[in-house]
Amino acid sequence: MDAALDLVARKAPFSSLSLREVTKRAGVVPTAFYRHFPDMSALGLTLLDESFRTLRQMMREVRQQELPNERMIRGSMETFFTYVRNNRTHFLFVSKELYGGSATMRQAIRREIRLFVSELAMDMARFPFLVQVSAEDLQMMASLVVNSVVALTQEMLELDEDDEAGQREMLILAEKQVRLIYFGVAQWRSETGAPA
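Residues numbered from 1 in each chain as written. Predicted model: local features only at pLDDT ≥ 70, side-chain atom pairs only at ≥ 80, totals over all residues. Heavy atoms only, no water.

1. A short note on the overall build of the protein chain
Using the following cut-off: A run of H or I in DSSP becomes a helix once it reaches four residues, and a run of E becomes a strand once it reaches two; helices and strands are each numbered from the N terminus. In this scheme, a residue with accessible area under 20% of its type's maximum is buried, one over 50% is exposed, and one in between is partly exposed, where area comes from a 1.4 Å probe on protein chains only. Residues count as neighbours in contact if any of their non-hydrogen atoms are within 4.5 Å of one another. Each accessible area is a Shrake-Rupley result for a 1.4 Å probe, and residues are judged covered by the shown protein chains and nothing else. Counting rule for charge: Lys and Arg are taken as positive, Asp and Glu as negative, and neither His nor the chain ends is counted. Charged groups are reduced to one reference atom each: NZ for lysine, CZ for arginine, CG for aspartic acid, CD for glutamic acid.
On a plain count of helices and strands, the protein chain comes out with 9 helices and 2 strands. Here the C-alpha coordinates of the protein chain stretch approximately 65 × 35 × 25 Å along the principal axes. A total of 196 residues make up the protein chain; the buried ones form 45% of that total. In the protein chain, the proportion of contacts linking residues at least 24 apart, taken out of those at least 6 apart, comes to 64%. Total accessible area on the protein chain is roughly 10600 Å²; 54% of this is exposed by carbon and sulfur atoms. Considering the protein chain, the positive charge centre built from 24 side chains and the negative charge centre built from 26 side chains are found 4 Å apart.

As structure tokens, then:
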């Protein structure tokens, strides 16, 4: 798994890697690969699961506060971007596969993103100022937040790993965008389909 991530970070999308490249990088013979995975797709899906599982749990813990105040938004963004920085190779892998990978990988990544959206929408439903918002609209609003953060993650991954100022700017921009979305969310009324 580490060999595949290393190759993705240095080279091309996971979908362009061969089993021989991965096993050579890992220092094992190709037949040893099959003791762990039936094929390269299974390896990719395992890497994907590893990339998202811990992140989902961390984000759930941050969102357990009562209301989406500045501290929760800042904490969520700091937690997310710190996790991305600390797991850069995983997110380079996800980033490359989201737009250039196999159909199987793209669908699996989109499922993970939809899961984030659904979990965020359920959390948003707990907020008293959103009781007038339909479940469908909460999904739409959560999607705005998640898609914004996904786009900024792509930009952050393009920065040099040592560019702390650039990474800080991405964090500040993400926090502002999410805060702006929540401001708009608080004004939304589902029954009319328009702001209050």
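2. Structural notes on the UniProt feature "domain: HTH tetR-type" (unreviewed entry) in the protein chain
Put simply, the rule is: UniProt positions are given in the numbering used here, feature names are shortened, and annotations may be inferred rather than shown by experiment.
Under the local residue numbering, the UniProt record ascribes the feature "domain: HTH tetR-type" (unreviewed entry) to residues 1-55. The distance separating the terminal C-alpha atoms of residues 1-55 is 18 Å; by composition the span is 67% helix and 0% strand.

3. Some words on helix H9 (residues 164-187)
Keep this limit in mind: By definition here, a helix of n residues has an expected span of 1.5 Å times n minus one.
The end-to-end C-alpha separation of H9 is 35 Å, in line with the 34 Å expected for 24 residues at 1.5 Å each. Among the residues of H9, Gly166, Gln167, Met170, Leu171, Ala174, Glu175, Val178, Ile181, Tyr182 and Val185 are the ones counted as buried.

4. Examining the nonpolar core
How we decide: For our purposes a nonpolar core is just a set of buried Ala, Val, Leu, Ile, Met, Phe, Trp, Tyr and Cys residues, chained together by side-chain atoms within 4.5 Å.
Phe14, Leu43, Phe93, Met124 and Tyr182 are the most contacted members of the largest nonpolar core, which totals 60 residues. Contributing elements (two or more residues each) for this core: helix H1 (2-10), helix H2 (19-26), helix H4 (40-62), helix H5 (70-86), helix H6 (88-100), helix H7 (103-125), helix H8 (135-158) and H9.

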